[in-house]
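Chain by chain, the residues:
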Amino acid sequence: MLAAAPRLRAVLMRLAQAVPVVAGVVVISFLLTRALPGDPAVYFAGVAADEASIEQTRVAMGLDKPLPVQFVHYVGDLLQGDLGQSLSSGRPVATDLANRLPASLELTLTALFLAVVIAVPLGVLAATRPGTWVDHLCRVLVTAGVSLPTFFTGILLIYIFYYLAGIAPSPLGRLDFIYLSPDHVTGFYLIDAALMGDWETWRGAAEQLVLPAATLALFTLAPIARMTRAAMLTALSSDFIRTARAAGLSGGTVLYRYAFRNALLPVVTTLGMVFSFALGANVLVEKVFAWPGIGSYAVEALVVSDYAAVQGFVLVMALLFVTLNLLIDLLYTVIDPRIGFDAQ
Amino acid sequence: MLSVRDLSVIFQTRRGVVDAVRGISFDVAKGEILGIVGESGSGKSVTSYALMRILDAGGTIKAGEATYSGIDLRRAAERDMRDIRGREISMIFQNPRAALNPIRKVGHQIEDVLRQHARATRQDARAKAIAAMEAVKIKDAAARYDAYPFELSGGMCQRIVCAIALACDPRLLIADEPTTGLDITTQKAVMDLVRDLIREREMSSILITHDLGLAAQYCDRLIVMKDGLIVEQGDPLQIFSQPRHPYSRKLVDATPRAGASVRDLLPVEIRAPEPKIVETDKPLVEVRDLVKTYAGKSGPVQAVKAISFTVHRGQCVGLVGESGCGKSTTSEMLVRLMDATAGEILFDGDDIAAIPARRFARDPRRADIQMVFQDATDSLNPRHTARQAIAEPLRRLRRMRGAALGIRIEELAGLVGLPLPLLDRFPHQLSGGQKARVGIARAVALDPKFLILDEPTAALDVSIQAVVLNLLVDLRAKLGLSYLFVSHDLHVVRLLCDYVIVMKDGLIVEEGRAHQVMSHPQEPYTKSLLAAAPKPPERATPADQLEIKNAQYTALHDKRAS
């Protein structure tokens with residue numbers, strides 16, 4: 001069966017290649033969290049603790065054992081799907097992440113969707129009309145997008161739309177307290193609310209999402225628009241565009257079927273990179289909008305040396321990146337027949 | 001059918017306005033094949049793009065008229081032009097692989113054109129595309145329909161480009177250097193096909209080329225262009241035997257052909273006597289059972305299959321064959337940039353194949369074996385001046401510094417005829433011929449014994465090729481060099497080489513004295529190569545030429561007087 005489905009086999013091969021990466025992440029995240037300054041036992045024993053009670057906490061947390069033993073325990077738990085207990089929240093890390101990851105994903109994906117919808121047409125337009133007002137608008141937007149820090153854009157948007165205009169809801173999390181959060185199916189509020197048919201909640205969740213997503217979109221828009229413009233300019237000056245024009249093909253066909261599809265490859269690459277750093281770097285946006293995502297969770301855990309939570313976060317992110325890269329590789333082969341799986 | 005009057009095309013560039021075409025007039029009659037010949041920068045391609053109105057950004061038709069069957073091509077609406085392109089006038093291009101959309105099936109690309117011009121519907125597009133492929137003699141067209149350009153050979157890609165161009169039965173076909181970059185036999189096959197189709201469908205055609213020989217062979221009438229102007233037009237035979245304009249004469253002279261010596265390529269005024277070359281029978285390089293095997297996707301690929309030959313001191317050996325025959329692999333192994341799988345390369349009696357390519361850079365014999373690369377532009381570091389490029393081997397292998405280095409560089413520049421002020425220019429500030437000289441100066445800087453020339457003139461215009469070939473002959477005589485000359489151009493090999501090796505599929509199929517192999521080939525493959533080379537018309541005898549020259553002189557005076 002595998003021989004008959006080369007693409008399936010290639011996907012499995014790629015997955016197999018991801019195993020050492022994940023194993024490496026497990027080891028490194030374990031060692032790095034141990035190398036962090038600060039003693040979690042001191043922190044969790046409380047302010048009034050004496051030597052004895054700190055030692056007691058240390059033994060309870062298993063931190064008195066040598067590193068290799070701690071690691072074996074960690075991996076053993078991991079294999080059973082147990083990411084450990086978060087000491088600061090008191091809940092299993094797996095549960096915490098399952099609650100918070102969808103929030104981050106919903107925010108990032110919406111932002112990325114917005115960014116693509118604006119940036120790609122803008123880049124195409126700028127490339128087809130270099131030197132015109134569209135091109136200049138593209139340049140201004142790109143420069144603004146990369147040069148304004150997200151926390152600043154976020155606060156600016158809150159100031160304008162919440163404080164001055166009053167059209168946006170208060171920037172306090174995923175849903176205003178007047179709504180009940182929808183039943184947990186996917187963890188994406190928009191999808192869950194739609195599944196329940198609760199359109200009022202859906203609206204509420206969407207309203208909460210607009211400002212943080214716009215903030216993040218403005219930031220991620222820049223690289224996508226720039227790359228689209230550059231890739232389109234390259235594609236449009238290729239020989240095959242001249243052939244297509246000489247054959248009398250219409251402007252639309254030349255632009256989309258010939259130039260744009262060839263320009264997609266670098267755009268998709270950029271998209272993958274942008275998604276990766278947006279997911280990791282939206283901590284600031286999450287903080288500004290009190291968004292209960294994994295970025296803010298990880299930062300809080302890091303501050304108190306909450307080993308299990310930090311390791312869980314790093315591991316989940318690594319898995320996410322591996323999946324993302326696999327998806328992008330698959331997308332390449334769909335776009336460009338020249339890229340064979342054999343070469344990898 | 002097509003009438004062009006005083007056509008001028010300008011380009012807006014950063015450095016101001018450039019006149020690419022400066023007022024040219026010509027006609028193409030029904031059923032006629034018109035050749036436009038000129039070197040790079042002559043405006044021949046720009047003319048055709050202007051007619052199709054597909055000039056690159058910044059280019060505009062400044063003045064003049066172009067009328068096709070009563071339609072004003074200059075003023076027609078873009079929508080009308082789109083109907084004309086592909087249906088009335090269509091084009092085929094050089095570098096066919098790049099001229100096709102790399103990520104679209106070739107069948108779909110043909111369908112796009114058919115659908116655009118309403119020659120096919122969704123239902124019958126596939127069948128009509130396959131028919132269009134069969135019309136350009138693509139075997140097994142139904143199977144090729146689903147291929148992507150990268151899966152096809154260069155010749156096959158050019159057939160697809162032809163199929164796209166001819167799918168809607170246009171009346172005029174513009175072929176812009178259609179065979180540049182193709183092998184010589186493929187070139188002949190493609191040109192014969194295009195000519196037959198044009199004749200069969202009673203189309204007209206414009207063939208744009210830098211190859212005067214090719215144009216003369218396939219065209220009814222020729223136009224010679226230089227710097228955006230038409231300098232001469234007329235019958236190919238007449239242009240070849242009695243070129244009236246000095247520039248056409250220079251081009252005709254520079255075209256390599258049977259029966260001409262390398263000096264004959266130069267304009268009469270600068271022809272010096274040919275140097276005496278001493279060929280010995282002492283072997284310099286002996287290749288024995290040389291093998292190169294690559295690991296391919298489906299098992300090992302034998303690029304070179306146990307070949308043996310000898311290059312004697314002072315000899316020039318030509319290595320001829322089509323792409324994929326193993327000639328480049330062989331030359332790379334000889335220059336010790338690639339390791340051989342098996343076999344010996346005896347240089348002055350020592351086996352240098354035993355030294356790994358990685359370590360050969362430090363071997364004292366590195367200086368003895370040097371190479372001149374195919375593309376003079378790509379083989380120079382764009383951030384190094386000519387001086388730095390020539391200094392590189394001297395610094396590294398001779399440890400030359402300071403004044404001695406400067407003296408040697410200027411000596412070398414004098415040797416290859418590179419004016420000294422040009423030494424401090426960067427490659428992009430030099431012309432093609434000047435870059436070729438820098439490449440040659442770099443190769444001979446260390447007084448090598450053996451020089452490998454990998455198609456050193458393939459990217460050059462014919463008149464510059466003529467100069468560079470003569471330079472190579474002079475250097476060989478002056479420095480006592482031995483050459484291995486790798487080329488697919490048989491005329492050039494005939495001019496330069498004493499001995500010829502013909503390769504095919506990694507094997508030597510024929511070898512012998514150059515004039516022997518060229519005039520009495522024994523193997524069918526060699527015969528087919530020779531048959532495929534363009535044959536320029538016979539030249540008039542020197543006596544005739546002298547007479548013409550006088551006549552032309554008088555004519556010129558008459559004209560001035562009037």
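The rules behind these values
Residues numbered from 1 in each chain as written. Chains lettered and ligands numbered in written order. Predicted model: local features only at pLDDT ≥ 70, side-chain atom pairs only at ≥ 80, totals over all residues. Heavy atoms only, no water. UniProt positions renumbered as here; feature names shortened; annotations may be inferred. Pairing = 2+ DSSP bridges. Helix = DSSP H or I, 4+ residues; strand = E, 2+ residues; numbered from the N terminus. Contact = heavy atoms within 4.5 Å. Axes fitted to C-alpha atoms, helices over the stretch in contact; angles between N-to-C directions.

As annotated in an unreviewed UniProt entry, chain B carries the name ABC transporter ATP-binding protein and is attributed to Litoreibacter roseus. Under the UniProt heading Sequence similarities (unreviewed entry), the entry covering chain B gives this text: "Belongs to the ABC transporter superfamily." Looking at chain B in UniProt, the text filed under Subcellular location (unreviewed entry) is "Cell inner membrane".

Identification of chain A as ABC transporter permease from Litoreibacter roseus is taken from an unreviewed UniProt entry. The Sequence similarities (unreviewed entry) field of the UniProt record for chain A holds the comment "Belongs to the binding-protein-dependent transport system permease family." Per UniProt, chain A carries the Subcellular location (unreviewed entry) text "Cell membrane".

**Q** Just checking my understanding: could you explain the sheet that holds strand 4 (residues 59-68) of chain B for this structure?
**A** Pairing between the strands of a sheet comes from backbone hydrogen bonds, and it takes one of two forms, parallel or antiparallel. Residue and element names in this part refer to chain B. Ordered by their spatial adjacency, 4 strands build an open sheet running 2-1-4-5, and the pairing between neighbours is antiparallel. Looking at the sheet topology across the chains shown, the edges are occupied by strand 2 (16-28) and strand 5 (71-72). Pairing between strand 1 (residues 2-13) and strand 4: 8 bridges, direction antiparallel. By the bridge assignment for strand 4, Ser3 is matched with Thr67. The strands touched by helix 1 (residues 44-52) are strand 1, strand 2 and strand 4; relative to strand 1, the strand with the most contacts, the crossing angle is about 105 degrees.

**Q** What am I meant to see in the UniProt feature "transmembrane region" (unreviewed entry) in chain A here?
**A** Residues and elements named next belong to chain A. Under the UniProt annotation, the feature "transmembrane region" (unreviewed entry) is placed at residues 12-32, 107-128, 140-165, 205-225, 263-285 and 307-328. The distance from the first to the last C-alpha atom of residues 12-32 is 30 Å, and the span holds 100% helix and 0% strand. In this annotation, residues 140-165 is assigned 88% helix and 0% strand; the end-to-end C-alpha distance for the span is 25 Å.

**Q** Help me out: how do you make sense of the sheet that holds strand 13 (residues 316-320) of chain B in this one?
**A** Residues and elements named next belong to chain B. On the basis of which strands lie adjacent, the open sheet formed by 6 strands has the order 16-17-18-13-19-20 and mixed pairing. Every interior strand has two partners, whereas the edge strands, strand 16 (369-372) and strand 20 (507-513), have only one. Pairwise comparison of adjacent strand axes, ignoring direction, gives a mean angle of 20 degrees for this sheet. Two elements, strand 17 (residues 450-454) and strand 18 (residues 482-487), share 5 bridges in a ladder whose sense is parallel.

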